[in-house]
Each structure stands twice: as C-alpha cells, then as structure tokens.
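Below, each chain spelled out in residue letters.
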Amino acid sequence: MQIGLYSFAENTPDPLNNGHLQSPEERLRDLLEEVRLADEVGLDFFGLGEHHRPDFVASAPVTILAAAAARTSNIRLSTAVTVLSSEDPIRVWQQFATLDLLSGGRAEIMAGRGSFIESFPLFGYDLEDYDDLFEEKLAELLRIREGGKVTWEGSEHTKPIPGIEIFPKPVQNPLPISIAVGGTPNSVARAAYYGLPLMLAIIGGNPQQFKPLVDLYWATAAKVGHDLEKLWVGISSHGFVADDSQDARDTAFPAHHEAMSRIGRERGWPPTTRAQFEAGAGPDGAYFMGSPQEVVDKILMQHAWFKHDRFGLQLSVGTLPHAKVMHAIELLGTVVKPAVNKALE
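Residues numbered from 1 in each chain as written. Predicted model: local features only at pLDDT ≥ 70, side-chain atom pairs only at ≥ 80, totals over all residues. Heavy atoms only, no water.

Enquirer: Just to check I follow, could you spell out the overall build of the protein chain for this structure?
Expert: In terms of regular secondary structure, the protein chain is built from 11 helices and 12 strands. Compactness check: the protein chain gives a C-alpha radius of gyration of 19 Å against a globular reference of 20 Å for 345 residues, within 12% of the reference. Per-residue burial over the protein chain gives 55% buried out of 345 residues. In the structure as shown, the protein chain presents an accessible area of about 14700 Å², 54% of it carried by carbon and sulfur atoms. (Helix = DSSP H or I, 4+ residues; strand = E, 2+ residues; numbered from the N terminus. Rg over C-alpha atoms; globule rule 2.2 N^0.38 Å. Buried < 20%, exposed > 50% of the residue type's maximum accessible area, 1.4 Å probe, protein only. Areas by Shrake-Rupley, 256 points an atom, 1.4 Å probe, with all protein chains shown as cover.)

Listed below in structure tokens is the structure:
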C-alpha cells in the first residue's frame, strides 16, 4: 500500500503554543521541511490542498510543490485537491507538466469540486454551475492529456481550442489524474466512468458505511469497460501519530476542535466536543489519532473492507507545533508504513 500525507497548509493560532500565529513565510518554511522529511522516511506521496482564505497559505499549491520538488527525490507530489471547477484546464495542465519536469516525473493531479467555495466568487464563477463546471473542465483536461494538437469544441463554461498543441510535455505519459470525492455517489460514478483513480475522503461517521461507494466505483468502471488493473482506490482521513495513544489524542484535540468548530460556524454545525473526537478516534471511528500500532490496526481493518491501494493522512487538522508534526511524520514513515506493508505481503 502507498502511504502518504496531505495538508491544507493551515496557518492559525497554535493552541499548544499560547496561540502563537506564524507568519506565512514561517509556515511555508515549516511545510517544506515536513515534505522533505516525508521523503526521507519513505512516504509515498504528499498532497497539498488549494484554498483562498486567510486561514490557509496554499492558494498556489503547484508553486509550493515545485519548491518541494527541489528538496525531495522520491516522494510523489500532488494537489489535494485542484479545484478544477474554478481553474483553466490549459493552465492546470501546463503547471503540472512543468512540475513533472522539475520533479523528474513525480507530479500528479488530484482534481475535485472542492468542499470550500471561496474560489468561485474570486474567479467569477456562479455556484449554480458547481457541478457543470467540473464536468466540462474535467472532460477538457482529459482531452488535453491525450496530447497532440488539441481540438476542443468548447462548452457552456469552456472556450474552444482550435487544433493547438499545448506545451510543455510532461515526463510521465500519461500524467496521472485522480478524482477526490467526499461521499457523493454521482462523483464516484463520474470517476469510474472516465476511468480515473478514486480518492475517497472519510472524515466522519462510520467508515464501513462508505463501502457501497467503493463497490459502486468498481462496478461502474467494469460496466464501462475500463481495465481495472490500471485503476486504484485511496482513502484519506484526519489523523495524528504519537508515541502513545493518549499523547496523540491530547496533542491533536485542541487544534482539531478549533479547526472543525471554526468551519462549523461557517456551515451551521455545532461546535465539536471531546466526546465526539474520542468516538472518531476509537476503533470504529474515522480518525487515525493514536499510537503507531493503533494507526496500523485501523489501516488494516479498513483495507479488509475497501481493498484500497493508498492511504493519505491529513496532518494536521488545525495548527500543531512543528516539532510534533515532524515526529508524527517520522513515525508514519518508519513504523506505520513498514508494518502495514509487512502485514499485506
């Protein structure tokens, strides 16, 4: 199994450090150190989310990933996600093709509709077109990926491309594109229809309830006639790893509570509680908060349900001390990953 990290590059007051707020420059410096360490300890991929708000510093994630490419050797570099609905597919392709060249063939596009909507008014898009924008731009991006002189007739939300070849050309052919979803059956079916790998975010509830979505993905891909050997399913979840379970949960909870409650206020959710957090961190919950062995056990338990090929840990949710994040990355790469892969051999 490929095991990696993803981050939203959150930059909020650190509840374990007297509410200290880093400068954006400091946050990006720490983020690049985290990616470098993830590469050194053998993690397989790093994904960076795109956001356009004051509590995150990755409004231009491909630029940050390019900086990470210069500091790493093996780890694959991806967005998590590219909000394709509000992007120009031509520029997305050019940026990732360039990243692929800089990284020696380690770039990946993870496209999604986005769970945050701030990019839509920023770039002049109407939320009424939320799904249509993604559908049309994904089809255009896949046509560009085919290469050669691109002829695209255009659509309601895209402009025509009159037989023009698009440069640069990436190292990888094809450049990997996957679809990230949060649990919408139509989004799962879309990924299967286009023959694209699926990254399923499970950040709450009972994870086993997501199995019908994985089954839908494989059944749809088979019905369309795609080569299932070329597809994969990944699971991504919130988490934190420390030397023991209590340390992991006590460290992660204040920042997780602040982050989820802040987003909840925007979306009409009640504040999170410690009891809810503990339930999510328990054996049947969606969070991977615990000792290395607890994280290993939960990955393997979910693998028995989903048979997934990738696992991505969001590290961290909310702002945590940099040293603790670095230690969690070390544990994930040197303890969790080897144990999971040994068990799955």
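Enquirer: I keep staring at the pattern of salt bridges and nothing clicks. Help me out?
Expert: Pairs can form between side chains of opposite charge whenever their charged atoms are close. Applying the stated rule across the entire model yields 21 salt bridges. Of the charged contacts in the structure, one is a salt bridge between Glu 10 and Arg 262, with a shortest N-O distance of 2.7 Å. Residue Glu 10 is located in the loop between β1 (2–7) and α1 (24–40), and its partner Arg 262 is located in helix α8 (residues 245–267); the two are separated by 252 residues in the primary sequence. Under the relative-accessibility criterion, Glu 10 is labelled buried at 6%. One salt bridge connects Glu 266 with Arg 53, and the closest N-O pair in it is separated by 2.7 Å. Placement of the pair is Glu 266 in helix α8 and Arg 53 in the loop between β2 (45–48) and α2 (61–69), with a sequence separation of 213 residues. Glu 266 gets classed as partly exposed once you look at its relative accessible area, which sits at 47%. The exposure class of Arg 53 is buried, given its relative accessible area of 16%. Through salt bridges with shared partners, one network takes in Glu 10, Arg 53, Asp 55, Glu 258, Arg 262 and Glu 266. (Salt bridge = Lys/Arg side-chain N within 4 Å of Asp/Glu carboxyl O.)

Enquirer: When you look at the side chain of Arg 190 in this model, what are you seeing that I'm missing?
Expert: Inspection of the secondary structure assignment puts Arg 190 in helix α6 (residues 185–193). The buried category is assigned to Arg 190, whose relative accessible area is 9%. Setting aside residues no more than four positions away along its own chain, Arg 190 makes contact with Arg 113, Asp 131, Phe 134, Glu 135 and Leu 138. (Contact = heavy atoms within 4.5 Å.)

Enquirer: Sorry if this is basic, but what is going on with the nonpolar core here?
Expert: Most often, soluble globular proteins keep nonpolar side chains buried together rather than apart. Membership of the largest hydrophobic core comes to 89 residues, with the highest contact counts inside it found for Leu 5, Leu 43, Phe 46, Phe 240, Ile 299 and Ile 329. Of the residues forming this core, the biggest block, eight residues, is contributed by helix α11 (residues 322–344). Not counting residues up to four positions away in its chain, the partners in contact with Leu 43 are Ile 3, Gly 4, Leu 5, Ala 38, Ile 75, Ile 329, Leu 332 and Gly 333. With 15 residues, the next largest nonpolar core counts Tyr 6, Phe 120, Leu 133 and Trp 232 among its residues. (Core = buried A, V, L, I, M, F, W, Y, C linked by side-chain atoms within 4.5 Å.)

Enquirer: How should unusual backbone geometry be read in this particular structure?
Expert: Working note: non-glycine residues mostly have negative phi, and peptide bonds are mostly trans. Put simply, Ala 80 and Val 81 share a cis peptide bond, and its omega is 15 degrees. Mapping Val 81 onto the fold places it in the loop between β3 (76–79) and β4 (82–83). One non-glycine residue, Ala 9, lies in positive phi territory at about 55 degrees. Here Ala 9 is to be found in the loop between β1 and α1. Even without a glycine there, the phi angle at Asn 18 is positive, about 55 degrees. Structurally, the position occupied by Asn 18 is in the loop between β1 and α1. Overall, Asn 18 belongs to the exposed group, its relative accessible area being 80%.

Enquirer: Looking at this structure, how should I read α6?
Expert: Side chains of residues three or four places apart in an α-helix project in the same direction, reflecting 3.6 residues per turn. Turning to α6, its buried residues number three or more, namely Ser 187, Val 188, Arg 190, Ala 191 and Ala 192. Of the residues one or two after α6, Gly 195 is the one with positive phi, at around 70 degrees.

Enquirer: How should I be thinking about the environment of Pro 185 in this particular structure?
Expert: Mapped onto the elements, Pro 185 comes out in helix α6. Separated by 28 residues in the primary sequence, Pro 185 and Leu 213 have C-alpha atoms spaced 6.4 Å apart. Residues contacting Pro 185, with those up to four places away along its chain left out, are Leu 213 and Leu 216.

Enquirer: Please clarify how the side chain of Glu 34 should be interpreted in this entry.
Expert: Mapped onto the fold, Glu 34 is located in helix α1. Owing to a relative accessible area of 5%, Glu 34 belongs among the buried residues under this scheme. In contact with Glu 34, not counting residues within four places along its chain, are Arg 27, His 322, Val 325, Met 326 and Ile 329.

Enquirer: What exactly am I supposed to notice about the packing of aromatic side chains here?
Expert: Each aromatic ring pair is specified by the distance between its two centres and by the angle formed by the two planes. Evaluated as defined, the whole model comprises 10 aromatic pairs. For the ring pair Phe 277 and Tyr 287, a centre distance of 6.0 Å and an interplane angle of 40 degrees mean the geometry is tilted. With Phe 277 in helix α9 (residues 274–281) and Tyr 287 in the loop between α9 and β11 (288–290), this pair connects stretches of sequence that are 10 residues apart. Exposure class is identical for Phe 277 and Tyr 287. Each is buried. Within the aromatic cluster, the residues linked to one another by ring pairs are Tyr 6, Phe 8, Phe 56 and Phe 116. Positioned above the aromatic ring of Phe 167 is the side chain of Lys 169, whose terminal nitrogen or guanidinium carbon lies 5.0 Å from the ring centre. (Phe/Tyr/Trp six-rings, centres within 6.5 Å; stacked < 30°, edge-to-face > 60°. Lys NZ or Arg CZ within 6 Å of the ring centre and 35° of its normal.)

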